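Chain by chain, the residues run as shown.
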Amino acid sequence: MPIATPEVYNEMLDRAKAGKFAYPAINVTSSQTLNAALRGFAEAESDGIVQISTGGAEFLGGQYSKDMVTGAVALAEYAHILAEKYPVNIALHTDHCPKDKLDGYVRPLIAVSEERVKAGRNPLFQSHMWDGSAETLADNLAIAQELLERTRAAKIILEVEITPTGGEEDGVSHEINDSLYTTVEDAIRTAEALGLGEKGRYLLAASFGNVHGVYKPGNVVLRPDLLKELNDGVAAKFGKASPFDFVFHGGSGSTEQEILTALENGVVKMNLDTDTQYAFTRPVAAHMFQNYDGVLKVDGEVGDKKAYDPRTWGKLAEASMAARVVEATQNLRSAGNKIK
């Protein structure tokens, strides 16, 4: 199937919310990791989301120029061609973009899609994230309003992060403390500024103790029940039941019960990066250790070409990461739920 059209992407999110499941959003940084993500979704018979962070886009742009927009556009164009060979719907998304990178990343990418839509085509990306969690809520929402107007016109969905997620990702970091919990007042202010769909659809990355990076279950106090409080609080004021489409950030290391509670309370997208990075790299490390003499030209020898051929260890990495994507779809209950 081709990359999801705006209509299909909206249907994906509607089905997830109604069915109380969520799509894994897999961060990719190369054609190899893109292939692994697509393979995992196909094997699980799950539609899904592939996303590129600012750091991932810079890496994709090559170390000579490190151009984020070039890197993101190049992989997105590649994904549009590649996805046609997979029997699932895939949405393309850009991950965390703070204020100082908007002009070098998200705004130019929105402009690319605006031109495509004007020409009668679909947008290049189906959604973009604005991470204003380091700003005051007032400034965060003011920028979100501007971006939402543009994304709506370009048939794109906006993701907003209104309060901090702990830990660090691509240069955006927050302490792990009590500020990692969104309040009902924060949610109401968001609804007042961005509407509840009438001004354009958006996904809401609310904070319920989430932390980016590596941690073991129990080390972070997640409160996914808080999402129900946010929905109920806004519903009581605006009269719209279950108003928000929530995103679960910092999902690595979450317990099964935490994930299930989040799904019951409106999460439709969960980001996955740390776990898939490890899944991709682990078999490569094993291959290098197990084939040490073949990979290195030891004592003047030439080594073993079959051992250091990138295709040899690349296939192992792809299979391992794809298996982790399958596991994520099972945990999030999207496995077997692709749009027919």
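Things to note about the overall build of the protein
Stage number 1. Looking only at helices and strands, the protein has 13 helices and 10 strands in total.
Stage number 2. The C-alpha atoms of the protein give a radius of gyration of 20 Å, which matches the 20 Å a tight globule of 340 residues would have.
Stage number 3. Dimensions of the protein, computed from C-alpha atoms along their principal axes, come out at roughly 75 × 50 × 40 Å.
Stage number 4. Considering only contacts in the protein between residues 6 or more positions apart, those separated by 24 or more positions represent 74%.

Some details on the environment of A187
Stage number 1. Relative to the elements of secondary structure, A187 occurs in helix 7 (residues 184-194).
Stage number 2. Considering only alpha carbons, one finds A187 and G56, 131 residues apart in sequence, at a separation of 30 Å.
Stage number 3. Those residues in contact with A187 that lie beyond four places of it in its chain are T182, L230, V234 and F244.

Considering the environment of D232
Stage number 1. Along the chain, D232 falls in helix 8 (residues 226-238).
Stage number 2. For D232, a relative accessible area of 39% gives the class partly exposed.
Stage number 3. On a C-alpha basis, the gap between D232 and P6 in space is 28 Å, while along the polypeptide they are 226 residues apart.

Re the pairing of strand 10 (residues 267-272)
Stage number 1. Most of strand 10 sits out of view: six of its six residues are buried.
Stage number 2. Sheet topology places strand 9 (residues 246-248) next to strand 10; three bridges connect them, and they run parallel. Looking across to strand 10, one finds that F248 is bridged to M270.

A word on the packing of aromatic side chains
Two aromatic rings are characterised by how far apart their centres lie and by the angle between their planes.
Stage number 1. According to the stated counting rule, one finds four aromatic pairs in the structure shown.
Stage number 2. Taken together, a centroid distance of 5.5 Å and an interplanar angle of 85° make the contact between F21 and Y23 edge-to-face. Accessibility classification places F21 together with Y23 in one group, the buried group.
Stage number 3. For the pair F208 and F248, a centre-to-centre distance of 4.9 Å together with 70° between the ring planes defines the contact as edge-to-face. Here the residue F208 occupies a position in the loop between strand 8 (202-205) and helix 8, and F248 occupies one in strand 9, the gap between them amounting to 40 residues.

Some thoughts on the nonpolar core
Stage number 1. Ranked by size, the top nonpolar core spans 76 residues in total, and within it Y105, V160 and F244 carry the most contacts.
Stage number 2. When residues of this core are assigned to their parent elements, the largest contribution, eight residues, is made by helix 4 (residues 68-82).
Stage number 3. Residues M12, A25, A91 and V247 belong to the second largest nonpolar core, which totals 16 residues.

Considerations on the side chain of T190
Stage number 1. Inspection of the secondary structure puts T190 in helix 7.
Stage number 2. Setting aside chain neighbours within four positions, we find T190 in contact with L141, I162, G195, Y202 and L204.

Quick word on empty space enclosed by the protein
Stage number 1. Following the criterion strictly, the structure yields one cavity of 30 Å³ or more and no others.
Stage number 2. Size it by volume and the largest cavity reaches roughly 40 Å³.
Stage number 3. Along the walls of the largest cavity sit V28, L34, V50, I52, L75, A76, A79 and L92, which together make up its complete lining.
Stage number 4. The greatest single-element share of the lining of the largest cavity, amounting to three residues, is contributed by helix 4.
Stage number 5. Tallied by class, the residues present in the lining of the largest cavity amount to eight nonpolar, no polar and no charged.

With respect to the confidence of the model for the protein
One rule of thumb: low pLDDT means the predicted coordinates there are not for detailed reading.
Stage number 1. Per-residue pLDDT for the protein has a mean of 93; in total, 92% of the residues score no lower than 70.
Stage number 2. Within the model, pLDDT remains below 50 along residues 172-177, and this stretch shows 16 contacts once partners closer than five positions in the same chain are excluded.

Concerning helix 4
Stage number 1. In this model helix 4 runs 21 Å from its N-terminal to its C-terminal C-alpha over 15 residues, within 8% of the 21 Å that 1.5 Å per residue would give.
Stage number 2. Here helix 4 has its buried residues at M68, V69, G71, A72, V73, L75, A76, A79, H80 and L82.
Stage number 3. Contacts from the buried residues of helix 4 go to helix 2 (31-44), strand 2 (48-52), helix 3 (54-60), strand 3 (90-94) and helix 5 (106-118).
Stage number 4. Put simply, D67 is the residue that caps the front of helix 4, since its side-chain oxygen is 3.2 Å from the backbone nitrogen of V69.

Quick notes on the pairing of strand 8
Stage number 1. With burial as the criterion, each face of strand 8 is covered, one bearing Y202 and L204 and the other bearing L203 and A205.
Stage number 2. Sheet topology note: the strand 5 (residues 157-161)/strand 8 ladder contains four bridges and is parallel. By the bridge assignment for strand 8, E161 is matched with A205.

Focus: the side chain of S113
Stage number 1. Looking at the secondary structure, you find S113 in helix 5.
Stage number 2. At 2.9 Å, the side chain of S113 forms a polar contact with the backbone nitrogen of L124.

Concerning the packing of helix 2 against helix 4
Stage number 1. Contact pair helix 2 / helix 4: the axes reach a minimum separation of 11 Å and the direction vectors enclose 40°. One finds that helix 2 runs oblique with respect to helix 4. In this structure, helix 2 crosses over helix 4, and the sense of that crossing is right-handed. On helix 4, the residues touching S31, L34, N35 and L38 of helix 2 are L75, Y78, A79 and L82.

Brief notes about the pattern of salt bridges
Stage number 1. Tallied over the entire structure, the rule returns 16 salt bridges.
Stage number 2. Among the ionic pairs, R39 bridges to E318, the shortest N-O distance being 3.2 Å. Here R39, found in helix 2, pairs with E318, found in helix 13 (residues 310-331); they are 279 residues apart in sequence, far enough to count as distant.
Stage number 3. Look at R39 and you get partly exposed, because its relative accessible area is 27%.

Calculation criteria
Residues numbered from 1 in each chain as written. Predicted model: local features only at pLDDT ≥ 70, side-chain atom pairs only at ≥ 80, totals over all residues. Heavy atoms only, no water. Helix = DSSP H or I, 4+ residues; strand = E, 2+ residues; numbered from the N terminus. Rg over C-alpha atoms; globule rule 2.2 N^0.38 Å. Contact = heavy atoms within 4.5 Å. Buried < 20%, exposed > 50% of the residue type's maximum accessible area, 1.4 Å probe, protein only. Pairing = 2+ DSSP bridges. Phe/Tyr/Trp six-rings, centres within 6.5 Å; stacked < 30°, edge-to-face > 60°. Core = buried A, V, L, I, M, F, W, Y, C linked by side-chain atoms within 4.5 Å. 1 Å grid on protein atoms, 1.4 Å probe; cavity = no way out; pocket = protein on both sides within 12 Å on 5 of 7 lines; lining within 4 Å. Points joined across faces, edges and corners; volume = space filled by probe spheres on them. Nonpolar A, V, L, I, M, F, W, Y, C, P; charged D, E, K, R; others polar. pLDDT = per-residue confidence, 0-100. Expected span 1.5 Å × (residues − 1). Polar contact = N/O pair within 3.5 Å; in protein donor to acceptor, adjacent residues only side chain to side chain. Axes fitted to C-alpha atoms, helices over the stretch in contact; angles between N-to-C directions. Parallel < 35°, antiparallel > 145°, perpendicular 65-115°, else oblique. Left-handed = near helix turned anticlockwise from the far one by under 90°. Salt bridge = Lys/Arg side-chain N within 4 Å of Asp/Glu carboxyl O.

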